[in-house]
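Remarks on the overall topology
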Amino acid sequence: MKNIIKSILALLVALGLVIVGVKKFNIGDFQSPETIRNKSEADQNTASSRMTYGRFLDYLEMGWVKQVDLYDNGRNAQIVASSPELGNRSQTIRVEIPVGASQLIQKLKENNINFDAHPAPRKSLFVTIASNILLPAIFIGALIYFFQNSDMGGAGSSPMSLGKSTARFERRPDTGVTFSDIAGIDEAKAEFEEIVSFLKEPDRYTLVGAKIPKGILLVGPPGTGKTLLAKAIANEANVPFFSVAGSEFVEMFIGIGAARVRDLFKKASENAPCIVFIDEIDAVGRERGAGIGGGNDEREQTLNQLLTEMDGFKENKGVIVVGATNRVDILDAALLRPGRFDRQITVNLPDRLGRLGILKVHGRNKPLDTSVSLVQIANRTPGFSGADLANLLNEAAILATRYKKTLITNNEVNEAVDRIIGGIAGASMEDTKNKKLIAYHEVGHAIAGSVLKSHDEVEKITLTPRGGAKGLTWFTPEEDQSLLSRSALLARIITALAGRATEQVVFGDAEITTGASNDLQQVTNLARQMVTRFGMSNIGPIALEDENTGQVFLGSSMNPGSEYAENIADRIDTEVCKIINYCEQKAIEIVSDNRVVIDLAVEQLLDVETMDGEKFRELLSLYTLLPNKKLPYISKFS
Ligand code: ADP
Ligand code: ZN
């Protein structure tokens, strides 16, 4: 109903605009030349041209003017004249008459010229009323109406709706997402299934005195399906659903964020049972007083309001607030107290089976060739989030379309994985010395990775540039990346250094290139973490640095620049250097020991550009004690 009124009003406004346009045309002081031309069409033979007033006076003097018609109270004139320069033919010419040229009439009389004045047309009664009363009234009415209703569409930017919540509200949401569309995060899903059943049959719970949490916090990295979960509950429970991003509460003016929170919760309790989803809740829920310069008043007010509101509504009333964040560590403690977000659900990156489940969900509506093994993709993609996996299959579908295939084959899928991990492939390089050097560098990585115990297997070596890299060696990542042994870390450092070590062994010190800068960065990071976070150096099992900020803990944070802090920093550097030097030695050793097979592998690689891990291992097994990969290659270093 409101919409109909709105459309009618819009129509009226449009009509108003047209009428105003017409009005301007007819009754304005200035008459557009257009009108003049139309009015004098009768006595017009040729299209009228223009003439200055001064020239017109000259024409009068010379007696070349035959007739003059005046319009707009003498402001415009149309004359008929003939002169030698006009080819002695009568022509109609327009002249603009300056204000105050009052002697003109006198002159015309003196020269005995036929002239006439034409009055402006009379306004009709309707136009008069319309222009003076009706139109302004409609405009003002419409403006007021639009201002008052602008939060309906969620625009929220108009001044009169500043304090209104911008939450998208759906009474009977059809988000199209069901629990069957979500895989790999079973714990969170189970929790939500319970919530849905509470919303559907609250009595079952209240009968036994159960309390349903008011607030649920979803914590996890981006793309793991937090929003998806919220959409699914809305759909499955079939209750009204408010969805808002935390950043929408953060406003420039003090008090507006708080007003929005108030408004949101007012609407929510009017519509209970319902679900309020606040994405990126850390935008409002950040610890108070943590900002530089004593914190941010506006945000604090907003957060306080949120806390008050969550305290305000009763348990089991049916308003359930779901928050999502990936930074639970920066949230204000008050937000996590009982009665607020007292239930936290961690949504982690999916494991292998989870990835498989997610791939199945997203592969459902895609034509996959039988060559595509979802299991294999799941194996290849540790660390991928649900969003990454969805993106992967989509990318593969796009590639298949590009290659004009009707089915998505294994090729497209592999290409998509490579693209997502490594970036878009560039054109392959010319056969130059550089290419040879890159081939040696990559084979160096591959050799070290293969002979070292506790290193991931080589998946493929390629000379096709991708992203910023000119060549790449891919390793099949181990499933559990979160627990790495000391020898696995060292193996990684050695492998990363082996590329450069190969350049050095094969081409000599002078020929080492800048190509290894990325490797070196990685190496330094790893070694540093071994010292400062994992207690894997001679300093011992002490956490010396903060995981997130990289700040040195001891000394410097309490007393920056103190002697003690400098001491610790020195010792860290020394230990880092020790690890790296040790690993470099090992890398050079491995490369020198395997020089023959490296030369062979490079030769083949230059030929085929991309070599499978399988093929590489085959070659390697002819020359190296590969089956003895279990040999403890890494001894303790001091
Ligand atoms: P978040 O809110 O955690 O950042 P989203 O819920 O917005 O992540 O996820 C983005 C997209 O990724 C979803 O629309 C969906 O296509 C896909 N996705 C993420 N996690 C999953 C999952 N567990 N199961 C299925 N698809 C998922
Ligand atoms: Zn490298």
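- Labelled according to an unreviewed UniProt entry, the protein appears under the name ATP-dependent zinc metalloprotease FtsH, originating from Attheya longicornis.
- The record in UniProt for the protein states the following under Function (unreviewed entry): "Acts as a processive, ATP-dependent zinc metallopeptidase."

Some thoughts on the layout of surface pockets
- The volume enclosed by the largest pocket comes to roughly 1,400 Å³.
- Leu472, Thr473, Phe475, Asp519 and Gln522 are the residues nearest the centre of the largest pocket, which is lined by 45 residues in total.
- Elements supplying a minimum of two residues to the lining of the largest pocket: helix 15 (410-422), helix 16 (433-451), strand 13 (472-475), helix 17 (486-507) and helix 18 (517-532).
- For the lining of the largest pocket, the class distribution of residues is 18 nonpolar, 19 polar and 8 charged.
- Empty space within the second largest pocket amounts to approximately 370 Å³.
- Taken together, 25 residues make up the lining of the second largest pocket; nearest its centre are Gly223, Thr224, Gly225, Lys226 and Thr227.
- Listed by contribution, the elements that provide at least two residues to the lining of the second largest pocket are helix 8 (226-237), strand 10 (319-325), helix 12 (352-363) and helix 14 (386-402).
- Grouping the amino acids of the lining of the second largest pocket by side-chain chemistry returns 11 nonpolar, 9 polar and 5 charged.

Details of the sheet that holds strand 5 (residues 114-117)
- Read across the sheet, 5 strands follow the order 1-4-3-2-5 without closing on themselves; strand pairing throughout is mixed. Unpaired on one side and paired on the other, strand 1 (49-51) and strand 5 mark the two borders of the sheet. With direction set aside, neighbouring strand axes in the sheet form an average angle of 25°.
- Sheet topology places strand 2 (residues 65-71) next to strand 3 (residues 76-81); 6 bridges connect them, and they run antiparallel. Looking at the pairing, Val68 lines up with Ile79 of strand 3.

Topic: the pattern of salt bridges
- Under the definition given, this model contains 25 salt bridges.
- We note a salt bridge from Asp311 to Arg340, for which the minimum N-O separation is 2.6 Å. Placement of the pair is Asp311 in helix 11 (residues 297-312) and Arg340 in the loop between strand 10 and strand 11 (343-346), with a sequence separation of 29 residues.
- Since its relative accessible area comes to 41%, Asp311 is described here as partly exposed.
- A salt bridge links Glu412 to Lys405; its shortest N-O distance comes to 2.7 Å.
- Connected via shared salt-bridge partners are Arg380, Asp418, Glu459 and Lys460.

Observations concerning the sheet that holds strand 12 (residues 458-462)
- Here 3 strands make up an open sheet; going across it, the order is 13-12-14 and the pairing antiparallel. Edge positions in the open sheet fall to strand 13 and strand 14 (610-612), since each of these has one partner strand only. Between one strand axis and the next, the sheet turns through 15° on average, direction left out of account.
- Pairing analysis gives 4 bridges linking strand 12 to strand 13, with the strands arranged antiparallel. Considered in strand 13, the bridge of Ile461 is made with Thr473.
- Contacting strand 12 and strand 14, helix 20 (residues 595-608) runs over the sheet at an angle of about 120° to strand 14.

Observations concerning the coordination of the zinc ion (ligand 2)
- Each protein donor to the zinc ion (ligand 2) is listed here as His441 (NE2), His445 (NE2) and Asp519 (OD); together their distances run 2.0 to 2.1 Å.
- Written as a sequence motif, the donor arrangement for the zinc ion (ligand 2) is H-x3-H-x73-D. With His441 and His445 both in helix 16, this residue pair falls 4 residues apart, about one helical turn.
- Looking at His445, the relative accessible area reads 8%, which means it is buried.

Cut-offs used in this document
Sequence positions are assigned chain by chain, starting from 1 and proceeding in written order. Lettering for chains starts from A, numbering for ligands starts from 1, and both go in the order in which the items are written. Note on the predicted model: pLDDT of at least 70 is required for a residue's local features to be given, and 80 or more for side-chain atom pairs to be given and counted; whole-chain, interface and lining totals, by contrast, use all residues. Excluding hydrogens and water, the side-chain figures rest on all heavy atoms present in the structure. UniProt positions are given in the numbering used here, feature names are shortened, and annotations may be inferred rather than shown by experiment. We place a 1 Å grid over just the protein atoms. Points where a 1.4 Å probe fits but has no way out form a cavity, open points with protein on both sides within 12 Å along at least 5 of 7 lines form a pocket, and any residue with an atom within 4 Å of a point lines it. Grid points are joined across faces, edges and corners, and a volume is the space filled by probe spheres set on the points. Each helix corresponds to a stretch of at least 4 residues labelled H or I by DSSP, and each strand to a stretch of at least 2 residues labelled E; elements are numbered beginning at the N terminus. The classification used treats Ala, Val, Leu, Ile, Met, Phe, Trp, Tyr, Cys and Pro as nonpolar, Asp, Glu, Lys and Arg as charged, and all other residues, Gly among them, as polar. Should DSSP find at least two bridges between two strands, the strands are regarded as paired. Fitted lines through C-alpha atoms give the axes, limited to the stretch in contact for helices. The angle between two N-to-C directions lies from 0 to 180 degrees. The salt bridge criterion pairs a side-chain nitrogen of Lys or Arg with a carboxyl oxygen of Asp or Glu, the two atoms within 4 Å. Under the scheme applied here, a residue whose accessible area is under 20% of the maximum for its type counts as buried, over 50% as exposed, and between as partly exposed, the area being computed with a 1.4 Å probe on protein chains only. Residue contacts are defined here by distance: any two heavy atoms, one from each residue, within 4.5 Å place the two residues in contact. Donor atoms: N, O and S within 2.8 Å of the metal, or within 3.2 Å for Na, K and Ca. Because water is excluded, sites can look incomplete.

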